[in-house]
Amino acid sequence: MAETTRSIEIEVLRYRPEQEDAPVWQRYTVPFTDDMSVLQGLQQIKDDQDGSLSFRWSCRMAICGSCGMMVDGKPKLSCQTFLRDLLPGPVRIEALAHFPIERDLIVSVDKFVDKLEAIKPYLIPKEPRTLAQGEYLQTPAQLQQYEQFSSCINCMLCYAACPQYGLDDKFVGPGVLALLHRYNADSRDGGREQRMEVVNANEGVWSCTAVGYCSVVCPKHVDPAHAVNQNKVNSAKDYFLRFVAPKGGG
Amino acid sequence: MPTTTMQTLQVDVAIVGAGGAGLRAAIAVAEADPSLSIALISKVYPMRSHTVAAEGGAAAVTQPHDSLEAHFHDTVAGGDWLCEQDVVEYFVAHSHEEMVQMEHWGCPWSRTPDGRANVRAFGGMKIERTWFAADKTGFHMLHTLFQTSIKYPSIKRFDEHFCVDLLVDGGRAQGVLAINIASGEFQLIQAKSVIIATGGAGRVFRENTNGGIVTGDGMALAYRHGVPLRDMEFVQYHPTCMPGTGLLFTEACRGEGGFLLNKDGYRYLQDYGLGPASPKPVNKAMELGPRDRLSQAFWHEKQKGRTVDGPHGAVVHLDLRHLGEKYLRERLPQIYELAVSYLGVDPAKAPIPVLPAVHYTMGGITADGRTAAPLPGLFSVGECSSVGIHGANRLGSNSLTELLVFGKVAGIEAVAHAKAHGHGDTATLARLAQASQAAALAIIERRGSGERVATLRREMAQTMEDGCGIYRSADTMQATCDKLAELKARFKTVQVDDHSRGWNTEWLLAIELGYLLDVAQAMAHSALARRESRGSHQRLDGFEARDDVNYLQHSLATYAGDAAPIISYGPVKITTSPPGTRAYGAAGEQADAARQAGQSAQETAHG
């Protein structure tokens, strides 16, 4: 890969509530090499030009989920989006859409975490087991039923992509519904009935209008749209079973 | 403008750091006694913690032909006999139950066809015993622990709270002071027990695999309050990292059969006592040798001019092509994507350029086998801690297990301590906290002509690489010590652009730089003082051999303010394994055979 240094314009939507009433665009000229990510561009600004520019980051390798932001209007992890792919610029960078901005590129994560906590995102064992009994048996095929949905890094790009979440932030949303499905689809788990209350609620799967952009932007191929769709099927089954059997049905 | 308001809260147990170790400890406290209150404090949301980046797996004796003795021996010999052997015994004996516990909590371990947890080969491990979840083991463990922690109402999280001080009164750790990052307000958390679980300090080096948050915070806090940092000269270089960024290509690449090639396409490790080179992976040989030996071999190849020149310096090739795309996508999916998206290399079609980068700090906060620091009320666990299992070189896949086994121990010990002690005097702690708050605020209130944070950070990282890299000599280490003293002086007038309170990340970077500089000093001075070569600490200036007569001892770096740290030494606990020859490949087989023959002769004699 070339090591030549070129420069690119990066425009950042700044918002500093202690200094300004409304967001403003600020432009920086950033030297870059072909192997530099958008995150490295922002780090160059912070280190050498303007220390007040604020953004979250940590792992640099698309696994910690911290550095989601809008890059030229699309939700991206800035650490695996490369400046070479955004030429000639200027690159426009904003905080993730659909979330309240706390400052600059930092959005409030609270509501997302509240939703995540609400769906009982932990194994509720179908058959409790002691440590002495060893591990549950789970075949590779059973693992495959939920593995993809367990790969969500909580980066929230899918929320920024979801038009429904943009309209109503009470919607549980794609990432958390995928996580819910991850546990429901786990052969060791018996908590589906408890979680279906969330699924069936107005803010659950039925809020989704099947746009599918969530799965397009997911950096980890979790395919939350697929998880939501599966739960629409489950929810519909629950609905009809309610007429023939007591709560939960089968 | 800055105010002096401070929130105050009393809890039974405060835990700083909510990565794997902190979360495991919090769950242990909650399970031991649900009536105890817990504050789990982290400068990031728990799922952002650096445990997330661990790839390869977690070791635990699992197969019928494996044994606790074998895991013990691999660990102790791998650590070049600087391990606390009684602690290693406890560790290997409790590893498997922790893996099963994680399984019960939902961790998506990779499976064998009959549904049992699968194990893979790992460097320096004689028998396959590394549990894994594809090549995202740390990610899955962290998310499993975080999500499981939500079950326990007694765990109160302080997400995005940055710890600026440990509060010590009457010779006892009694709480912490943290900044609520979003508001910039201060939070005093008074506690009967404090557990530090803040991870390592790899960011003191230039080229490293670590996330930006791995800045040695907890190490520096304990150190500044008189707790010695132990064995800090032992810093692990991981041999297969991405040029430029240092991002990690897991050891599992080699566990699955990957080769390391020099510029001639030659598997050069056979020239460094790791051979013979067989086409299939052989445990504890060639590419499955330990990390220190592999990184050292890279250095020698570079000296011989047999590495490949790349835009970021010398590299060798990690060749996975013979494993095929299908297998790579199943076993190493993240590695596949990293190579494609960051380097433009398809690992099924071309070798990946790699070089060694700093990965792990073997040393840390001095802890006994039950995680207790010499300072009553303080416990530590995980990479920040030196509980004594890694010695002079950690084996891959021992650290994820460590944070589970000792996370639980730390939780249980913190409970016992909290039950045996009441809260101290809140007013005294508040006075201490006010002073710490003023010191922290001084950084953003300072307006002058000081230097930028990044300037000092870069110089620190460069001098650490120059003086405390894979091979070391007295003159370069001394130069690094001198440079660090100079940087500490310059740090006193460091200048930030940002003078606001809410989400002032430049302020936090400045405080982190202070932590990094203290930890770097402990590393450099400990390294200079150890006049031998052992594990990851290798010298070129007349101290090339291991010296068990003088240095079969832990180094202890004690903070001395503006002066250089004081380096002293403490004993190493030997139970059943006297220091022996550390050998790998064919030579290792011979050494193992000799050791076993010796043992059975001894048993016969005693029988």
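This structure is a prediction, so every number in the text was calculated from the model and none was measured.

Visitor: Run through the nonpolar core, naming residues and quoting values.
Guide: All names here are of chain B. Grouped together as the largest cluster of nonpolar side chains are 266 residues, with contacts concentrated most on V13, A14, I15, I41, V176 and I195. Looking at this core, the element that brings in the most residues is helix α14 (residues 505-529), giving 16 residues. Sequence-distant contacts of V176, that is, excluding residues within four places in its chain, are made with A14, V16, I41, C163, D165, L166, L167, I189 and V194.

Visitor: Let's hear about the sheet that holds strand β21 (residues 553-558) of chain B: which residues, and what values?
Guide: Paired through backbone hydrogen bonds, the strands of a sheet run either parallel or antiparallel to each other. Residues and elements named next belong to chain B. Pairing within the open sheet is mixed, and its 5 strands lie in the order β18-β16-β10-β21-β22. Every other strand in the sheet has two partners, leaving β18 (385-386) and β22 (566-571) as the edge strands with one partner each. Of the strands in this sheet, β10 (229-230) and β16 (364-366) are in contact with helix α5 (residues 217-224), which crosses β16 at around 35°. This element, α14, spans β10, β21 and β22 of the sheet and lies at about 140° to β21.

Visitor: Hey, could you go over the pairing of strand β5 (residues 91-94) of chain A for me, with residue numbers and the actual values?
Guide: Residues and elements named next belong to chain A. Summarising the sheet, strand β1 (residues 6-14) and β5 pair through 3 bridges and their orientation is parallel. Of the residues in β5, the one forming a bridge with E11 is R92. Alignment of strand β3 (residues 68-71) against β5, held across 2 bridges, turns out to be antiparallel. Among the inter-strand pairings, V71 is bridged to a residue of β5, identified as I93.

Visitor: Quick one: what's the story with the sheet that holds β5 of chain A, residue by residue and with numbers?
Guide: Residues and elements named next belong to chain A. Reading across the sheet, the 5 strands line up as β2-β1-β5-β3-β4 and stay open at both edges, with mixed pairing between neighbours. Each edge of the sheet is formed by a strand with only one pairing partner; in this case those strands are β2 (24-32) and β4 (74-77). Pairs of neighbouring strands in the sheet enclose a mean axial angle of 35°, with direction left out of account. Relative to the sheet, helix α1 (residues 38-49) contacts β1, β2, β3 and β5, its axis offset from that of β2 by approximately 100°.

Visitor: Which residues make up the environment of P276 of chain B, and what values do they have?
Guide: Residue and element names in this part refer to chain B. Checked against the element boundaries, P276 lands in the loop between β12 (259-261) and α7 (291-303). We classify P276 as exposed; it has 11 C-beta atoms within 10 Å. Put simply, P276 and G585 are 309 residues apart on the chain and 6.6 Å apart in space, counted from C-alpha to C-alpha. With near-sequence residues (within four places) excluded, P276 lies in contact with Q270, G585 and A586.

Visitor: Hey, could you go over the interface of chain A and chain B for me, with residue numbers and the actual values?
Guide: Across the contact, 47 residues belong to chain A and 47 residues belong to chain B. Secondary-structure elements contributing two or more residues to the side of chain A that touches chain B are α1, β6 (101-103), α2 (110-118) and α3 (140-144) of chain A. Here the side of chain A that touches chain B is composed, by residue class, of 18 nonpolar, 13 polar and 16 charged.

How each quantity is defined
- Residues numbered from 1 in each chain as written.
- Chains lettered and ligands numbered in written order.
- Predicted model: local features only at pLDDT ≥ 70, side-chain atom pairs only at ≥ 80, totals over all residues.
- Core = buried A, V, L, I, M, F, W, Y, C linked by C-beta atoms within 7 Å.
- Buried ≥ 20, exposed ≤ 12 C-beta atoms within 10 Å, placed from the backbone.
- Helix = DSSP H or I, 4+ residues; strand = E, 2+ residues; numbered from the N terminus.
- Contact = placed C-beta atoms within 7 Å.
- Pairing = 2+ DSSP bridges.
- Axes fitted to C-alpha atoms, helices over the stretch in contact; angles between N-to-C directions.
- Nonpolar A, V, L, I, M, F, W, Y, C, P; charged D, E, K, R; others polar.

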